[in-house]
Amino acid sequence: MTATVVDSRARLIVAGPDLAEHVRRHGPVPWQGGPHRLIPLVEAAGLTGHGGAGFPTHRKLAAVAAGDRPVVVGNGAEGEPASAKDRTLLHHAPHLVLDGLQLAAECVGASRAYLYVQQAPAEAVRHALAQRRAARQDRIAVEVVVAADRFVSGEESAVVSAVEGRAPLPRDKFRMVVKSGVRGRPTLVQNVETLAHLALIARHGPTWFRSRGTAEEPGTFLATVNGAVGGVYELPYGVPVEEALARAGGTPVPLQALLVGGFHGAWLPPEAFGAPLSRAGLRPWGAVPGAGVLVALPLGRCGLIESARIAGYLAGETAGQCGPCVNGLPRLATTLHRLAHGPLHPALPAEVARLSALVERRGACNHPDGTVRFIRSSMQIFAAEVTAHLAGRCSQHGRGTR
């Protein structure tokens, strides 16, 4: 992954990891003077979660603030292998994230705060916290919890489990984390990029935040671009897909598809590259920006083989707590692998469809649904490749698959 490219349009990574430089660029923590006061600003700004789900941030803040003895957790687990935005942000702008964590704690009235991060940026975060302690920058202490390197480790309830010292596995859907999270207390689990945006909204206001992006999806987001091009880039919502690729240096070879939203996302064909990178713009293609992951697939690479590889990874990253994950996803991955590598049978595409329907909406968390969404997109976008494989051909190998 190449270094982040910073230009004059950047908002998030502009100051660097040193506290003095951060304060010179952004000023001190913009305390709001008490609980709840930040909520109207965040609502007016239209800020949503940048961890992938896109849930309105003000609604989460309000729900947790209504509870007794809340807890706040900054979520930088980033279990998605194709994503690097959170660890890039934590390495280069940790103080903006920590400002947001302090402001979120003030907003909901929390007295406990945690930052849940991967091992790689943990040292940079601890150094930043030491600087802040020496400068008496914060009002509540922040405990760093190192996240396991697993795909599901960043799921909201898995984050709660990890903070409590248990395995980072999703729990049942019936207990809402905003009402009963860490040790039964109302808990705000917020992605670290969302916290950084929150810190900027508190400083500059909703109108400034809405000066980028679209009316329906304001602001900017960090995009991780992988494949034929690479890097982490800050983009406004609504930028055309092709412009996002151009900002990442363009594509040295023609692309046959682009995976948007990461391993739980959907493939876009080249004719969709003019679509806006926003929920509204990608809706006709069954895709969403998610956590801002773009994976470029060049011509000459078999999309079916690549999809089977990703499906196999996802099947191995389950929590192992429900039937769809224990039985359904491995069978789906095996069936897709047979389509990609053999032994082949004409009924394999129908079996993929049948297993997808059995798995969908039956899991204990969203992992099965996200995996099914990805596989269905793969079968649709690479339909010609599926037909070729069934006939014994493959675009990648230029020879028979049998």
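What counts as what
- Residues numbered from 1 in each chain as written.
- Predicted model: local features only at pLDDT ≥ 70, side-chain atom pairs only at ≥ 80, totals over all residues.
- Heavy atoms only, no water.
- Helix = DSSP H or I, 4+ residues; strand = E, 2+ residues; numbered from the N terminus.
- Polar contact = N/O pair within 3.5 Å; in protein donor to acceptor, adjacent residues only side chain to side chain.
- Contact = heavy atoms within 4.5 Å.
- Domains from an automatic or database assignment.
- Buried area = accessible area lost by both parts, 1.4 Å probe.
- Salt bridge = Lys/Arg side-chain N within 4 Å of Asp/Glu carboxyl O.
- Nonpolar A, V, L, I, M, F, W, Y, C, P; charged D, E, K, R; others polar.
- Phe/Tyr/Trp six-rings, centres within 6.5 Å; stacked < 30°, edge-to-face > 60°.
- Buried < 20%, exposed > 50% of the residue type's maximum accessible area, 1.4 Å probe, protein only.
- Lys NZ or Arg CZ within 6 Å of the ring centre and 35° of its normal.
- Pairing = 2+ DSSP bridges.
- Axes fitted to C-alpha atoms, helices over the stretch in contact; angles between N-to-C directions.
- Core = buried A, V, L, I, M, F, W, Y, C linked by side-chain atoms within 4.5 Å.
- Disulfide = S-S within 2.5 Å.

Engineer: If you had to explain the side chain of S153 to someone new, which residues and values would you point to?
Structural biologist: Its place among the elements puts S153 in the loop between β3 (142-146) and α7 (156-163). Polar side-chain contacts of S153 include one of 2.8 Å to the backbone oxygen of R150. With near-sequence residues (within four places) excluded, S153 lies in contact with A77, G79, Y116, A148, A158, V159 and P168.

Engineer: Explain the domain arrangement of the chain residue by residue, including any values.
Structural biologist: For the chain, the domain assignment lists domain 1 (19-209), domain 2 (220-298) and domain 3 (303-399). Inter-centroid distance (C-alpha atoms) of domain 1 to domain 3 is 35 Å. Domain 1 puts nine residues into the contact, and the matching count from domain 3 is eleven residues. Taken over both partners, the interface formed by domain 1 and domain 3 buries close to 850 Å², and the fraction arising from carbon and sulfur atoms is 53%. In this structure, the connection of domain 1 to domain 3 is made through zero salt bridges. Our count for the domain 1 to domain 3 interface comes out at two residue pairs in polar contact (both at pLDDT 80 or more). Broken down by class, the residue content of the side of domain 1 that touches domain 3 amounts to five nonpolar, one polar and three charged.

Engineer: Help me get a handle on the packing of aromatic side chains, residues and values and all.
Structural biologist: Under the defined criterion, the tally for this structure stands at five aromatic pairs. Here the aromatic rings of W267 and F374 are separated by 6.3 Å at their centres, their planes lie at 40°, and the arrangement is tilted. Pair noted here: W267 is in strand β8 (residues 266-268) and F374 is in helix α15 (residues 367-381), with a separation of 107 residues, a long-range link. Accessibility classification places W267 together with F374 in one group, the buried group. An aromatic cluster is built from F151, F263 and Y313, whose rings are joined through pairwise contacts. One Lys or Arg, R139, reaches over the ring of W31 and ends 4.0 Å from the middle of that ring.

Engineer: Account for the sheet that holds strand β1 (residues 71-76), with residues named and values stated.
Structural biologist: Pairing is parallel across the open sheet formed by four strands, whose spatial order is β3-β2-β1-β4. Strands with a single pairing partner mark the edges of an open sheet, and in this sheet they are β3 and β4 (187-191). Going across the sheet, the axis of each strand differs from the next one's by a mean of 20°, ignoring polarity. Bridge count for strand β2 (residues 112-117) against β3 is five bridges, and the pairing is parallel. Bridge pairing links L115 to V144 in β3.

Engineer: Lay out the nonpolar core with the relevant residues and their values.
Structural biologist: The biggest cluster of nonpolar side chains holds 49 residues, and the ones touching the most others in it are L12, L61, V72, L89, V97, L101 and L115. Mapped onto this core, the elements with two or more residues apiece are α2 (38-45), α3 (57-65), α4 (85-92), α5 (94-108), β2, α6 (119-134), β3 and α8 (192-204). When sequence neighbours within four positions are dropped, the list of residues in contact with L115 reads G74, L90, V97, L98, L101, V125, V142, E143, V144, V145 and V192. Core analysis: the next-biggest nonpolar cluster, separate from the first, contains 38 residues, A257, L304, C325 and C394 among them.

Engineer: Tell me about the state of the cysteines, and please be specific about residues and values.
Structural biologist: Applying the stated criterion across every chain yields a total of zero disulfides. Summary of cysteine pairing: C302 is not part of a disulfide, and the nearest cysteine sulfur, belonging to C394, is at 3.8 Å. Cysteine C325 remains unbridged, with the sulfur of C322 as its closest cysteine sulfur at 4.2 Å.

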